[in-house]
Amino acid sequence: VNVRTSAPAPGSPTPASRDRAPSGQRPPGWLSRYLCRDLAWSEPDLRHRAALVVRFSLVTAAIGLTFACLYWVMLGFLSGALVMGSAGAGLALVPLLLRRTRSPALAGNLVCAGIFGMACFVSQARDDLPVAALMFCAIIPLVAAYASGTRAARIWVLLGSAASLL
């Protein structure tokens, strides 16, 4: 008999609750290195936003460092490689800022500013890459909405639109 249920078995973690440790416990895995023990673990929304900021910043840092290598090796664009590498290294430090300030909104906006800065620099420095670089401006409001809230997302939509017009 093949019986399918839509609800998970009692006690099993759901995809949405994997990173949400019960009150008083640390989150599982590598994520616990970047989050404070006292980061209001009784507030699931704050904990979830902090985990998202850590993931966004580390993924963005890896993308920035990868693009830095590609710009240097494939395009010979040394100044772009230095800026992208520096921004990628700076974005890798955002989880430490989150740990110190305990503010996912501040750290999330810093991730958005890093993406925005990289996209604007590349679009201004290279005449053959402006559209490809400004496409990253479409990602910024999504990151801001998840990490910092809808108000921050609206502001980043306006900044991204202004950058694409210039």
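Worth saying up front: this structure is predicted, and the values here are computed from it rather than measured.

A. Representation of the nonpolar core within the structure. Ranked by size, the top nonpolar core spans 29 residues in total, and within it Ile140 and Trp156 carry the most contacts. Every element with two or more residues in this core is listed here: α1 (44-75), α2 (78-92), α3 (94-101), α4 (104-125), α6 (140-147) and α7 (150-165). Examining the composition of this core, we find that eight residues originate from one element, α4, more than from any other.

B. Molecular detail of the packing of aromatic side chains. One pass over the full model with this rule turns up four aromatic pairs. With centroids separated by 6.5 Å and ring planes inclined at 45 degrees, the aromatic side chains of phenylalanine 56 and tyrosine 146 adopt a geometry described as tilted. Linking phenylalanine 56 in helix α1 with tyrosine 146 in helix α6, this pair joins segments that are 90 residues apart in sequence. Among the residues examined, phenylalanine 56 registers a relative accessible area of 22% and is labelled partly exposed. Following the ring pairs from residue to residue traces out a cluster consisting of Phe67, Tyr71 and Phe77.

C. Geometry of the packing of α1 against α6. At a minimum axis separation of 9 Å, α1 and α6 run at an interaxial angle of 150 degrees. Judged by the angle between their axes, α1 and α6 are roughly antiparallel. For the pair α1 and α6, the contacting residues are Arg49, Leu52, Val53 and Phe56 in the first and Val143, Ala145, Tyr146 and Ala147 in the second. Partitioned by chemical class, the residues of the contact of α1 with α6 number seven nonpolar, no polar and one charged.

D. Just α3, in detail. Among the residues making up α3, those that are buried are Val94, Pro95 and Leu98. Considered in projection along α3, the buried side chains sweep an arc of 105 degrees and stay on one side of the axis. Looking at the buried residues of α3, the elements they touch are α1, α2 and α4. Phi turns positive, to about 60 degrees, at arginine 102, one or two residues after α3.

E. Highlighting the packing of α1 against α2. It is the contact of α1 with α2, at a shortest axis distance of 8 Å, that shows an interaxial angle of 165 degrees. By the angle between their directions, the pair α1 and α2 is classed as roughly antiparallel. In this structure, the crossing between α1 and α2 has a hand that is left-handed. Facing α1, whose interface residues are Ser57, Leu58, Thr60, Ala61, Gly64, Leu65, Phe67, Ala68, Tyr71 and Trp72, α2 presents Leu78, Gly80, Ala81, Met84, Gly85, Gly88, Ala89, Leu91 and Ala92.

F. A look at the confidence of the model for the protein. When pLDDT is averaged along the protein, the result is 77, and 69% of the positions lie at 70 or above. Here residues 16-24 scores under 50 on pLDDT; set against residues more than four positions off or in separate chains, the count is 14 contacts.

Definitions and cut-offs
Residues numbered from 1 in each chain as written. Predicted model: local features only at pLDDT ≥ 70, side-chain atom pairs only at ≥ 80, totals over all residues. Heavy atoms only, no water. Core = buried A, V, L, I, M, F, W, Y, C linked by side-chain atoms within 4.5 Å. Buried < 20%, exposed > 50% of the residue type's maximum accessible area, 1.4 Å probe, protein only. Helix = DSSP H or I, 4+ residues; strand = E, 2+ residues; numbered from the N terminus. Phe/Tyr/Trp six-rings, centres within 6.5 Å; stacked < 30°, edge-to-face > 60°. Axes fitted to C-alpha atoms, helices over the stretch in contact; angles between N-to-C directions. Parallel < 35°, antiparallel > 145°, perpendicular 65-115°, else oblique. Contact = heavy atoms within 4.5 Å. Nonpolar A, V, L, I, M, F, W, Y, C, P; charged D, E, K, R; others polar. Arc of directions from axis to C-beta. Left-handed = near helix turned anticlockwise from the far one by under 90°. pLDDT = per-residue confidence, 0-100.

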